[in-house]
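Topology and contacts: notes
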Amino acid sequence: DLAAYIAKSQTGAENAYQTAGLNQQASLRAWPFDQHFGFEPRPLQAIARDLPLHTDAPNLVIVEGPTGEGKTESAFYLTARLGGGVYVAMPSQATSDGLFPR
């Protein structure tokens, strides 16, 4: 029965969504940069810290730089400054594992 299958699938998807914690809103706070990460910002991160942002309009920030310049922390800090949530998708499990503690 297709209707029963769809209902069961929707229930299963909702349970997986709840179990994975995807229903929770991020609670990022815009503390000073060094309190967020435990170190002073690198030059790229200082730009993200000081960048003027709109609080009443959408923002789009594209951060590019070589490996090790602090792009990830910059993105997290910008998100905290805007007071919203963030979805992070990395290209591989190895990259995700390395990012998770940060």
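Definitions and cut-offs
- Residues numbered from 1 in each chain as written.
- Predicted model: local features only at pLDDT ≥ 70, side-chain atom pairs only at ≥ 80, totals over all residues.
- Heavy atoms only, no water.
- Patch = residues over 30% accessible without salt bridge, like charges linked within 9 Å, V, L, I, M, F, W, Y side chains within 5 Å.
- Areas by Shrake-Rupley, 256 points an atom, 1.4 Å probe, with all protein chains shown as cover.
- Salt bridge = Lys/Arg side-chain N within 4 Å of Asp/Glu carboxyl O.
- Helix = DSSP H or I, 4+ residues; strand = E, 2+ residues; numbered from the N terminus.
- Buried < 20%, exposed > 50% of the residue type's maximum accessible area, 1.4 Å probe, protein only.
- pLDDT = per-residue confidence, 0-100.

**Details of a nonpolar patch on the surface**
- Among the surface-exposed residues, Leu 2, Tyr 5 and Ile 6 lie close enough to one another that they form a single nonpolar patch of about 350 Å² accessible area.
- On the secondary structure map, Tyr 5 appears in helix H1 (residues 2–19).

**Side note on the pattern of salt bridges**
- All told, the structure shown has 2 salt bridges when counted by the stated rule.
- In this structure, the salt-bridge partner of Glu 69 is Arg 42, at a minimum N-O distance of 3.2 Å. Remark: Arg 42 occurs in the loop between helix H2 (33–37) and helix H3 (43–50) and Glu 69 occurs in the loop between H3 and helix H4 (71–82); sequence separation between them is 27 residues.
- Relative accessible area serves as the criterion here: at 24%, Glu 69 is assigned to the partly exposed category.
- Residues Asp 50 and Arg 49 are paired through a salt bridge, measuring 2.8 Å at the closest nitrogen-oxygen approach.
- Since its relative accessible area comes to 32%, Arg 49 is described here as partly exposed.

**Re the confidence of the model for the chain**
- Here the chain averages 86 in pLDDT, and 94% of its residues register 70 or above.
- Mean pLDDT per element in the chain: helix H5 (residues 93–99) is the minimum at 83, and H3 is the maximum at 94.

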